[in-house]
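Summary of the model geometry
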Amino acid sequence: EVVDVVKDAFSVIFAPDIDSITCGPMIETGSSSDEIALYGESNGCRFLYLRDEQVIEAAKNTVRLFARALGTKRCAFVIDACFADMFEACSRCDGQHLLTNEELLNRRRCWSGVCVFATELMRGICGFGDDGGRKDSFKLSK
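Summarised in this report is the structure supplied together with it. These figures come from a predicted structure and were not determined experimentally.

Another aspect to go through is the packing of aromatic side chains. Across all of its chains, the model carries 3 aromatic pairs by this definition. Judged by centre distance (5.5 Å) and plane angle (15°), the ring pair of Phe-10 and Phe-117 falls under stacked. Of the two residues, Phe-10 is situated in helix H1 (residues 2-13) and Phe-117 in helix H4 (residues 101-126); the sequence distance between them amounts to 107 residues. Both residues of the pair, Phe-10 and Phe-117, count as buried. Three or more aromatic residues link up through ring pairs in this structure, and these residues are Phe-10, Phe-14, Phe-47 and Phe-117.

What follows concerns the nonpolar core. Phe-14, Val-78, Phe-117 and Leu-121 are the most contacted members of the largest nonpolar core, which totals 23 residues. Going through the elements one at a time, H1, helix H2 (53-70), helix H3 (72-93) and H4 are the ones with two or more residues in this core. Look past the residues within four positions of Phe-14 in its chain and what remains in contact with it is Phe-47, Leu-50, Ala-59, Lys-60, Val-63, Gly-113, Val-116 and Phe-117.

Describing two packed helices takes the angle between their axes plus the distance from one axis to the other. Between H2 and H4, the shortest axis-to-axis distance is 7 Å and the interhelical angle comes to 55°. It follows from the interaxial angle that H2 and H4 lie oblique. The two elements H2 and H4 cross, and the hand of that crossing is right-handed. Between H2 and H4, the residues in contact are Lys-60, Val-63, Arg-64, Phe-66, Ala-67 and Arg-68 and Phe-117, Glu-120, Leu-121, Arg-123, Gly-124 and Ile-125, respectively. When the residues that make up the contact of H2 with H4 are grouped by side-chain class, the tally is 6 nonpolar, 1 polar and 5 charged.

Further remarks concern the pattern of salt bridges. Using the criterion set out here, one finds 5 salt bridges in the structure. One salt bridge in this structure joins Lys-7 and Asp-85, with 2.5 Å as the shortest N-O distance. Highlighted residues: Lys-7 in helix H1 and Asp-85 in helix H3, separated in sequence by 78 residues. Judged by its relative accessible area of 35%, Asp-85 falls in the partly exposed class.

Procedures and definitions
- Residues numbered from 1 in each chain as written.
- Predicted model: local features only at pLDDT ≥ 70, side-chain atom pairs only at ≥ 80, totals over all residues.
- Heavy atoms only, no water.
- Phe/Tyr/Trp six-rings, centres within 6.5 Å; stacked < 30°, edge-to-face > 60°.
- Helix = DSSP H or I, 4+ residues; strand = E, 2+ residues; numbered from the N terminus.
- Buried < 20%, exposed > 50% of the residue type's maximum accessible area, 1.4 Å probe, protein only.
- Core = buried A, V, L, I, M, F, W, Y, C linked by side-chain atoms within 4.5 Å.
- Contact = heavy atoms within 4.5 Å.
- Axes fitted to C-alpha atoms, helices over the stretch in contact; angles between N-to-C directions.
- Parallel < 35°, antiparallel > 145°, perpendicular 65-115°, else oblique.
- Left-handed = near helix turned anticlockwise from the far one by under 90°.
- Nonpolar A, V, L, I, M, F, W, Y, C, P; charged D, E, K, R; others polar.
- Salt bridge = Lys/Arg side-chain N within 4 Å of Asp/Glu carboxyl O.

In structure tokens, the structure reads:
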């Protein structure tokens, strides 16, 4: 299936550089009590094959546009398939004691890349902000 090829390709593209992982994003409140924002996301993860911030954003935007082209229902099936495949692979991994550390590391990088792919698909389903990027800040409804 075409989606499997795309998923596998993006899992490699979004493979993390494990040596440069830092703390994740933080959620902070704004000046009023009904406003929250997400800070520090761009510094959270570095990718093994993507180094330039513009290239990273282009890859993420490509996945988001792919999600919009697929539509909500098909995209939900793709996201479900991503996590189902990872769960299945992890379940089978228990009995595979003959794998080397390098093979296990490559599998974990691939799984992490699939997580980033699925996350960007979800962001694509949610839509973009007015400026073409995603909305990092929003008001809570009362």
